[in-house]
Amino acid sequence: MPGSMTRYYEIRRRADTVIIQLPEKVRYIIGSIRKAGYEAFAVGGCIRDSVLGREPDDWDITTSATPRQVKGIFGHTIDTGIQHGTVTVMLEREGFEVTTYRIDGKYEDGRHPKEVTFTPSLFEDLKRRDFTINAMAYNDEAGLVDVFGGIDDIKRKVIRCVGEPKERFGEDALRMMRAVRFSGQLGYEIEANTAGAIRELNTNLKYVSAERIQTELVKLVTSPHPEKLRLAYETGITQVILPEFDICMKTDQNNPHHCYKVGEHILKSMEEIEPDKMLRLAMLFHDIGKPKKITLDEKGIHHFHGHPAVSSEMARDILKRLKFDNRTIYFVTKLVKYHDYDVKPDPAGVRRAILKTGEDIFPLLFQVKAADIRAQSAYMREEKEEKLKAVYQVYHQIISEKQCVSLKDLAVTGKDLIEETGMQAGPELGEALKKLLDFVVEDPSRNKREILLKAVKEFQ
Ligand code: ATP
Ligand code: MG
């Protein structure tokens, strides 16, 4: 929507009042509910983001009307979470979650709220929310409702629980991870009492589902401050959800290429790469196996021979444990496995590397390797970067010339081999094609039908 960027989160401050420009549809929904005689406010993340001058992802609405009453007001609604009081109001194919004011019951063993109770009080609804910055509501008539000091905490740049932190984390342990995640997204500190409560209650995270932890971990590592994972370490969160990382935080690297412990190097490498999920996760895990591979030579230097393979296997185990999807596991484990792969900066060397790592993985390795280098000591940095640049130039040429680097680029197919050489379909045919590909990767001028048909006979 052109022009919408400023419209939605433009805020004017007049004599200490915050004015938020609500999107038209949100105003319409709030207005309709109010006309029917109930209260309604935009609430939570969208208010926080508006105050911060960021465009909200979605606009949640909270209301004194019950789900049934909400459904009576609008023509098209979907029961998205009716048992929790949420109805999605559809306006021209756009959905808005409208949730009845509620008090959350105790979370059963930190997993689900046992029951929710509807309440006529906005105050009660704001009180159940996790952090002060997430517990503000707004409508055009009442203005900003900020009963827990959310604005002050935004000014102070702190994440603070609504109410007594220990109680709040006791109700839902995931909030401890959310605290760190918001700290990464906003670059805020976690207020001392809130952080103290996390230190006391972090073990409760073991009762939280892997899926919920995964969501927060991804939001943290793809945030502007992935290094805030350090806060998760300091407050004991990673000890529960990612103990492998804690070991890295304690592992020295007495080696000229490094100036940080393994854990700090990992944090720095995440900061040095763009905030893409696969890339950030690859950096998180690229050296996770180093503690298992550490050796000390006679000069007192640490080595970590074979760590990429171990890191890749550990990444697979951890990602599975956190219930990541197969595509993520595929990309991340491969990037980890090849992050240290030595690519010779000549055409055959680069083609071999593309073949080895995969056409999908190879181009991403430039970013991974560059971030890794920038997170190391300055020792030989220029040489390392020069070499990477040289590899990139060769790669660029290979791609622009559409040189053969995979079976699909080969000038013969399996069918050709069957028809022309009398070979049978089966594993041998696959082997022959692979050999031909190696043969062509050494010299692209060999990628001609006659040459390959002749070569395949010589292989046999
Ligand atoms: P984002 O959507 O950017 O991840 P958000 O603050 O909107 O951030 P959501 O998970 O969408 O987060 O939740 C919306 C609102 O619901 C929050 O702002 C907060 O008020 C409340 N909330 C969400 N999860 C919890 C929780 N576990 N405990 C208490 N309140 C929560
Ligand atoms: Mg949200």
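Residues numbered from 1 in each chain as written. Chains lettered and ligands numbered in written order. Predicted model: local features only at pLDDT ≥ 70, side-chain atom pairs only at ≥ 80, totals over all residues. Heavy atoms only, no water.

1. Observations concerning the overall build of the chain
Consideration 1: Regarding its fold elements, the chain presents 24 helices and 17 strands.
Consideration 2: Considered along the principal axes of its C-alpha atoms, the chain spans approximately 85 × 60 × 45 Å.
Consideration 3: Looking at the chain as a whole, 50% of its 460 residues qualify as buried.
Consideration 4: The long-range share in the chain, meaning contacts at least 24 apart out of those at least 6 apart in sequence, stands at 63%.
Consideration 5: Per element, the accessible surface of the chain, about 22400 Å² overall, is 50% carbon and sulfur.
Consideration 6: One way to put it: in the chain the 71 positive side-chain charges average out to a point 1 Å from where the 72 negative ones average out. (Helix = DSSP H or I, 4+ residues; strand = E, 2+ residues; numbered from the N terminus. Buried < 20%, exposed > 50% of the residue type's maximum accessible area, 1.4 Å probe, protein only. Contact = heavy atoms within 4.5 Å. Areas by Shrake-Rupley, 256 points an atom, 1.4 Å probe, with all protein chains shown as cover. Lys, Arg positive; Asp, Glu negative; His and termini not counted. Charge placed at Lys NZ, Arg CZ, Asp CG, Glu CD.)

2. Regarding helix 20 (residues 362-374)
Consideration 1: A rise of 1.5 Å per residue sets the reference length of helix 20, with its 13 residues, at 18 Å; its end C-alpha atoms lie 19 Å apart and thus fit the reference within 8%.
Consideration 2: Within helix 20 the residues assigned to the buried category are Phe362, Leu365, Phe366, Val368, Lys369, Ala370, Ala371, Asp372 and Ile373.
Consideration 3: Here the buried face of helix 20 lies against helix 14 (262-271), helix 15 (277-286), helix 18 (326-338), helix 19 (347-357) and helix 21 (381-400). (Expected span 1.5 Å × (residues − 1).)

3. Thoughts on the sheet that holds strand 7 (residues 94-100)
Consideration 1: The mixed open sheet is built from 7 strands, whose spatial order is 5-6-7-4-3-12-13. Taken across any chain shown, the strands that pair with only one partner, and hence form the sheet edges, are strand 5 (77-81) and strand 13 (143-145). For this sheet, the mean inter-axis angle between neighbouring strands, taken without regard to orientation, is 35°.
Consideration 2: Where strand 6 (residues 86-91) and strand 7 come together, 6 bridges link them in antiparallel fashion. Each bridged residue has a counterpart across the sheet, and for valine 89 the counterpart in strand 7 is phenylalanine 96. (Pairing = 2+ DSSP bridges. Axes fitted to C-alpha atoms, helices over the stretch in contact; angles between N-to-C directions.)

4. With respect to helix 18
Consideration 1: Relative to the 18 Å expected for 13 residues at 1.5 Å per residue, helix 18 spans 18 Å between its end C-alpha atoms, a close match to the ideal helical length.
Consideration 2: When helix 18 is considered as a whole, its buried residues turn out to be Thr328, Ile329, Phe331, Val332, Thr333, Leu335, Val336 and Tyr338.
Consideration 3: On its buried face, helix 18 is in contact with helix 15, helix 17 (307-321), helix 19 and helix 20.

5. Concerning the confidence of the model for the chain
Reading predicted coordinates in detail is not appropriate for stretches of low pLDDT.
Consideration 1: Looking at the chain, the pLDDT average stands at 94 and 95% of residues meet or exceed 70.
Consideration 2: Per-residue pLDDT stays below 50 along residues 1-15; that stretch engages in 27 contacts with residues further than four places along the chain or on separate chains. (pLDDT = per-residue confidence, 0-100.)

6. As for the site of ligand 1
Consideration 1: Near ligand 1 lie 14 residues; those nearest to it are Arg48, Asp172, Arg175, Arg181 and Lys219.
Consideration 2: With respect to ligand 1, the side chain of arginine 48 contributes an N or O atom lying 2.7 Å from an oxygen atom.
Consideration 3: In isolation ligand 1 offers 580 Å² of accessible surface; the protein chains occlude 80% of this area.
Consideration 4: The set of elements that each furnish at least two residues to the shell around ligand 1 consists of helix 3 (45-51) and helix 8 (174-186).
Consideration 5: Counting residues per element, the shell around ligand 1 draws most heavily on helix 8, which supplies 4 residues.
Consideration 6: Residues of the shell around ligand 1, tallied by class, amount to 1 nonpolar, 3 polar and 10 charged. (Near = heavy atom within 4 Å. Polar contact = N/O pair within 3.5 Å; in protein donor to acceptor, adjacent residues only side chain to side chain. Nonpolar A, V, L, I, M, F, W, Y, C, P; charged D, E, K, R; others polar.)

7. Points about the environment of glutamate 271
Consideration 1: Position of glutamate 271 among the secondary structure elements: in helix 14.
Consideration 2: Separated by 100 residues in the primary sequence, glutamate 271 and alanine 371 have C-alpha atoms spaced 8.1 Å apart.
Consideration 3: Excluding residues that lie within four positions of it along the chain, glutamate 271 makes contacts with Pro226 and Glu227.

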